[in-house]
Amino acid sequence: MAVVTIYRLSEQALSLLEGGDLKAASSLSLNEIKIAVGQVINALLKVDYMSVNLKMGEAIPNGSVLALYEGISCETSNGKSQCTLPVKPYKLPRNMGVWGVYPKYTTNGNYEYDKEFIPLQMGQGGLIKSQPMINDLLGQVGYENFGDKLIFTKDIKSLFPDVVVAMRLVIMDISQYGDYDMLPVPPEYEWDIITQVYKMYSSQPIPDKTVDATVAENKGVPLNQQKQSS
């Protein structure tokens, strides 16, 4: 599968707007489309800019943002549920790159953003399990991060077959990614981004040659409605 980059998404959106043929006389520039792509990604991920320092003195890197990823499926493995991180978050102290994980237990339900799962450091799950007073986390669900997997302390998939989770992950601000850097965007978002950028520009009026003689004003217009050259 091709890597999702700013340049690739922008080129595809511009090609769609130009009817499949990128013209030198286009009224839209690739740089303009790149900005629009970043705006659409920020909207899709519900990006929230961070300006906080952790209580233990660790600083959040400049340009970090919180991005929300929803609809992440879970599966059962070795008697517990697990899910895969949709993208690779920032590596921060105490695994703060995975900022929060929230459940949606039924298909028609809502994400319970006020009941996030309890984050555990790698290895704490086994330690807690050996303590009779807290081995059930007082009825709550915890998770540990192992590589690109989150392992939950309970098999929530067996308890709630339709469960999915949402994650808030710390990523770099989209504007700081280069043209060919891999974006923190799941592949299934790719077409949504392209079509939303297309919708932003496809409703613009077609300029007349008397305004700008260099514009390919007939792109996407039926033959019988095209403006004729004077």
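All of the points below concern the structure found in this document. (Residues numbered from 1 in each chain as written. Predicted model: local features only at pLDDT ≥ 70, side-chain atom pairs only at ≥ 80, totals over all residues. Heavy atoms only, no water.)

## A short note on the overall build of the protein
Stated precisely, the cut-off is as follows: In this description a helix means any DSSP run of H or I spanning at least four residues, a strand means any run of E spanning at least two, and both kinds are numbered starting from the N terminus. Should any heavy atoms of two residues lie within 4.5 Å, those residues are considered in contact. With residues, only the protein chains shown are counted as cover, and all accessible areas are computed by Shrake-Rupley using a 1.4 Å probe.
Regarding its fold elements, the protein presents five helices and nine strands. Ordered by position in the sequence, the α and β elements of the protein form the string α-α-β-β-β-β-β-β-α-β-β-α-β-α. Contacts in the protein between residues far apart in sequence, at least 24 positions, make up 66% of those at least 6 positions apart. Entry remark: accessible area of the protein is about 13,400 Å², with carbon and sulfur atoms responsible for 53%.

## A look at unusual backbone geometry
Where we set the bar: Here's how the labels work: a residue is buried when its accessible area is under 20% of the maximum for its type, exposed when over 50%, partly exposed in between, all with a 1.4 Å probe on protein chains only.
The phi dihedral of Asn78 is positive, around 55°, even though this residue is not glycine. A relative accessible area of 78% places Asn78 in the exposed class.

## Observations regarding the side chain of Lys104
Applied cut-off: Just so you know, the count uses Lys and Arg for positive and Asp and Glu for negative, and it drops His and the chain ends. For salt bridges, the criterion is a side-chain nitrogen of Lys or Arg within 4 Å of an Asp or Glu carboxyl oxygen.
In this structure, Lys104 sits in strand β5 (residues 98-104). Buried within the structure, Lys104 lacks any salt-bridge partner; Glu70 is the closest side chain of opposite charge, at an N-O distance of 7.4 Å. With residues near it in sequence (within four places) discarded, Lys104 still touches Gly109, Asn110, Tyr111, Asp162, Val163 and Val164.

## Some words on the pattern of salt bridges
In the structure shown here, the tally under the stated rule is two salt bridges. In this structure, the salt-bridge partner of Glu190 is Arg8, at a minimum N-O distance of 2.6 Å. In this pair, Glu190 sits in helix α5 (residues 190-202) while Arg8 sits in helix α1 (residues 6-17), placing the two residues 182 residues apart along the sequence. For the salt bridge of Asp179 with Lys34, the shortest nitrogen-to-oxygen distance reads 2.8 Å. Of this pair, Asp179 sits in the loop between β9 (164-172) and α5 while Lys34 sits in helix α2 (residues 30-44), and the two are 145 residues apart along the sequence.

Nothing here speaks to function; it is geometry throughout.
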